[in-house]
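Results of the structural survey
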Amino acid sequence: MALVNKIIPFSCIDGPGNRTAIFFQGCNFKCTYCHNPETINKCVNCGKCVKVCPVNALNIVEKKVIWNDKKCVACDACIRECDHLSTPKTKDYSVDELFDEIKQVSPFIQGITVSGGEATLNIDFLTQLFKKVKEELGLTCFVDTNGSIDLTQHEEFVNLTDKFMIDIKSMDKEEHTKITGLNNDIVIKNLKYLLDLDKVYEIRTVIAPNLDNKNTVREASKIINNRCKYKFNIYRHHGVRKEGLDFHGSDSPCEEEINKCYKIYNESIL
Ligand code: SF4
Ligand code: SF4
């Protein structure tokens, strides 16, 4: 079983073509600038959110918080009430149940993309799912990851994955730890490993205030060496929790900083 936060049946922003995007609940990074901090932890069933639901879509059954998606009006009051960077709006899926959801829309999509949270925390589940999706539906399987699970140890999963999208938060070990809570040793190891296998669709870096963005772009560009797309996402404060706002502020990075990053990247591919 795996805990899923959300399924978007048709997405055109999660890889090439029209794809079903599946967002798993739970992440081992706690990024300061995360826009969906409620996906970080799994619910601990404290019950605090139940009483704020205006339509009684949340109930406690045998000490577990149960979400009724038919009643839910998506007001997000429960998420605002939660102190655990979590949400009650998740569902446990077996491989077969998730496969059935994908099968229903399969004539209209090119493939699936798993994301999060951090999808690769469910690597055995994903391996089984990808096998079935490829064998029975012939769809491509993409993974959007923070790169924190050592993929050199999961050859079958890597072989089954068509392409990865990887976030490079920072190339500096200390800064990476400050942003995410963990260092970047495995992320960089994965980046090199997957690039050498030609398994990377896209690398992304968030350009944010109070980070050494230029160093990250410079050092990442050297490793990428023009072998895949390198995309910059510009920090926006919307949805960022207080800790992140204290660190990065409310303003997006200035145009000069963004242009310098583009210049560094462009010089690296000349
Ligand atoms: S988002 Fe849904 S479950 Fe949460 S409080 Fe609003 S109606 Fe209730
Ligand atoms: S979602 Fe948060 S507030 Fe609601 S029961 Fe779970 S941990 Fe408690």
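This structure is a prediction, so every number in the text was calculated from the model and none was measured.

Conventions we followed
- Residues numbered from 1 in each chain as written.
- Chains lettered and ligands numbered in written order.
- Predicted model: local features only at pLDDT ≥ 70, side-chain atom pairs only at ≥ 80, totals over all residues.
- Heavy atoms only, no water.
- Helix = DSSP H or I, 4+ residues; strand = E, 2+ residues; numbered from the N terminus.
- Buried < 20%, exposed > 50% of the residue type's maximum accessible area, 1.4 Å probe, protein only.
- Polar contact = N/O pair within 3.5 Å; in protein donor to acceptor, adjacent residues only side chain to side chain.
- Pairing = 2+ DSSP bridges.
- Axes fitted to C-alpha atoms, helices over the stretch in contact; angles between N-to-C directions.
- Contact = heavy atoms within 4.5 Å.
- Disulfide = S-S within 2.5 Å.

**A few points about the environment of Asp 83**
Tracing the chain through its elements places Asp 83 in the loop between α1 (77–81) and β5 (91–93). For Asp 83, a relative accessible area of 58% corresponds to the exposed category. In this structure, the C-alpha to C-alpha distance between Asp 83 and Glu 38, residues 45 residues apart in sequence, is 9.3 Å. A distance of 2.8 Å separates the side chain of Asp 83 from the side chain of Lys 48, its partner in a polar contact.

**Side note on the sheet that holds strand β2 (residues 19–24)**
If you trace the 8 strands from one edge of the open sheet to the other, you get β5-β1-β2-β6-β7-β8-β9-β10, paired in mixed fashion. Each edge of the open sheet carries a strand with a single partner, namely β5 and β10 (229–234). Direction aside, neighbouring strands of the sheet carry axes that sit 30° apart on average. Relative to β2, strand β1 (residues 2–11) runs antiparallel, the two sharing 5 bridges. Residue Lys 6 lies in a different strand from β2, and its bridge partner there is Phe 23. Here helix α6 (residues 185–196) sits on the sheet in contact with β8 (163–167) and β9 (200–207), set at roughly 150° to β8. Its contacts with the sheet put helix α7 (residues 213–224) on β9 and β10, and the angle it makes with β10 is roughly 165°.

**Overview of the state of the cysteines**
On inspection of all chains with the given rule, the structure shows 0 disulfides. Between Cys 31, a cysteine without a disulfide, and Cys 27, which holds the nearest cysteine sulfur, the sulfur-to-sulfur distance is 6.3 Å. On the basis of relative accessible area, Cys 31 is assigned to the buried category, the value being 8%.

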